[in-house]
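# Structural characterization, general
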Amino acid sequence: MENRRSFIKKSGLFLTLSAFPISAFSKLFKLSQKPETIVVTLYVDTARIDKQDVNASCNFGQDPSIANEEFTIDVNLGDTVTWQGVSSNAPSTDVVNIVSINHEGGKNVFDKNILKGNGQSPESVTGTVKSRTDGGEKYKYKISFTITNNGSKRNGMFHIDPKIQVH
C-alpha cells in the first residue's frame, strides 16, 4: 500500500486531483448529484393571446433574442420538473392552466408520453426525469394550456413547443 501512495505523490497525480475544485471534480467524474426541483414558468399575456400567433403573447422569462421554440430547460437525471403558467397582466385574476406536457419526438426523458395536469386551479404539471438525452441532444416537448380571461375560458387549447436537455 505504501508503494502506491508514494507513486501517487511522486507522480503529481495527488496534487493534480487535490487542486481540482469539488464541482469540477464532480463533473469530470460524473458523481451523483442530489435531484433538484426545477420550476418552468410560462408567462402569458392573457388579454392578447391568439391561436394564430401564440408565441407573440408567451415567454419563459428568457432573453427576448431566444425564441420560445429554442428555449431549453437543462435538467439532470432524477430532477423533478414542474411547469406552471401565470398571467403577465397585472393585477389579474386570469388563470393559465398547464394541462399537459406531451413528448414530441426523440428519446422520452419522462416515464410517460403525456404528463397530465394536477387538476387544481391554476393547473400545473409535474414529471420526474427518468433518462438522459443522447449525446447532448435537445428534444422538443409540447406544453398544452388553457386560459381563463375575465372569468371566461378563452379560445380552447393553446400549445407551445420548447426543448429539454438532460445531463
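Residues numbered from 1 in each chain as written. Predicted model: local features only at pLDDT ≥ 70, side-chain atom pairs only at ≥ 80, totals over all residues. Heavy atoms only, no water.

### Observations regarding the pairing of strand β1 (residues 37-44)
- Here β1 runs beside strand β4 (residues 80-87); their pairing, made up of eight bridges, is parallel. From the neighbouring strand, Leu-42 faces β4, where its bridge partner is Gly-85.
- Of the pairings in the sheet, the one linking β1 to strand β2 (residues 58-59) comprises two bridges and is antiparallel in character. What sits directly across from Tyr-43, in β2, is Asn-59. (Pairing = 2+ DSSP bridges. Helix = DSSP H or I, 4+ residues; strand = E, 2+ residues; numbered from the N terminus.)

### Some details on the sheet that holds β4
- Within the open sheet, the four strands sit side by side as β2-β1-β4-β7. Their pairing is mixed. Each edge of the open sheet carries a strand with a single partner, namely β2 and β7 (125-128).

### Some words on the nonpolar core
- Counting residues in each nonpolar core, the largest one holds 30 residues, and the members touching the most others are Ile-73, Trp-83, Ile-98, Ile-143 and Phe-145.
- Secondary structure elements with two or more residues in this core: β1, β3 (72-75), β4, β5 (95-103), β8 (139-149), β9 (152-160) and β10 (163-166).
- The leading source of residues in this core is β8, at five residues.
- What Ile-73 contacts, discounting residues up to four positions off in sequence, is Val-40, Val-81, Trp-83, Tyr-141, Lys-163, Ile-164 and Gln-165. (Core = buried A, V, L, I, M, F, W, Y, C linked by side-chain atoms within 4.5 Å. Buried < 20%, exposed > 50% of the residue type's maximum accessible area, 1.4 Å probe, protein only. Contact = heavy atoms within 4.5 Å.)

### Some words on the side chain of Asn-97
- In this fold, Asn-97 is placed in strand β5.
- Dropping the residues within four chain positions of it, Asn-97 is found in contact with Gln-120, Ser-121, Pro-122, Glu-123, Ser-144, Phe-145, Thr-146 and Thr-148.

### Overview of the confidence of the model for the chain
- Chain-level pLDDT for the chain is 84 on average; 81% of the residues reach the 70-or-more range.
- Taking the mean pLDDT of every element in the chain, the minimum, 45, falls on helix α2 (residues 13-19) and the maximum, 98, on β7.
- The low-confidence segment residues 13-20, where pLDDT is below 50, has seven contacts with residues more than four positions distant or belonging to other chains. (pLDDT = per-residue confidence, 0-100.)

### Thoughts on the pairing of β5
- By the criterion of burial, β5 is predominantly enclosed, with seven of the nine residues buried.
- Bridge analysis of β5 against β8 gives eight bridges, and the strand direction is antiparallel. Its bridge partner being in β8, Val-96 is matched across the sheet by Ile-147.
- Sheet analysis places β5 next to strand β6 (residues 114-116), joined by three bridges and oriented antiparallel. Across the sheet, Asn-102 pairs through a bridge with Ile-114, a residue of β6.

### Considering unusual backbone geometry
- Geometrically, the link from Ser-121 to Pro-122 is a cis peptide bond, its omega value of 0° lying close to zero.
- Here Pro-122 is to be found in the loop between β6 and β7.
- Phi is positive for Asn-150, which is not a glycine, with a value near 55°.
- Of note in this structure, Asn-155 is not a glycine but carries a positive phi near 50°.
- Mapping Asn-155 onto the fold places it in strand β9.

### A closer look at the environment of Val-166
- Within the secondary structure, Val-166 is located in strand β10.
- C-alpha of Val-166 to C-alpha of Asp-74: the two residues are 92 residues apart in sequence and 6.0 Å apart in space.
- When sequence neighbours within four positions are dropped, the list of residues in contact with Val-166 reads Val-75, Asn-76, Leu-77, Val-109, Val-129, Ser-131, Arg-132 and Thr-133.

### Some words on the environment of Gly-127
- Take Gly-127: it is sitting in strand β7.
- C-alpha of Gly-127 to C-alpha of Lys-112: the two residues are 15 residues apart in sequence and 9.0 Å apart in space.
- The contact partners of Gly-127, leaving out residues within four places of it in the chain, are Asp-79, Thr-80, Val-81, Trp-83, Phe-110 and Leu-115.

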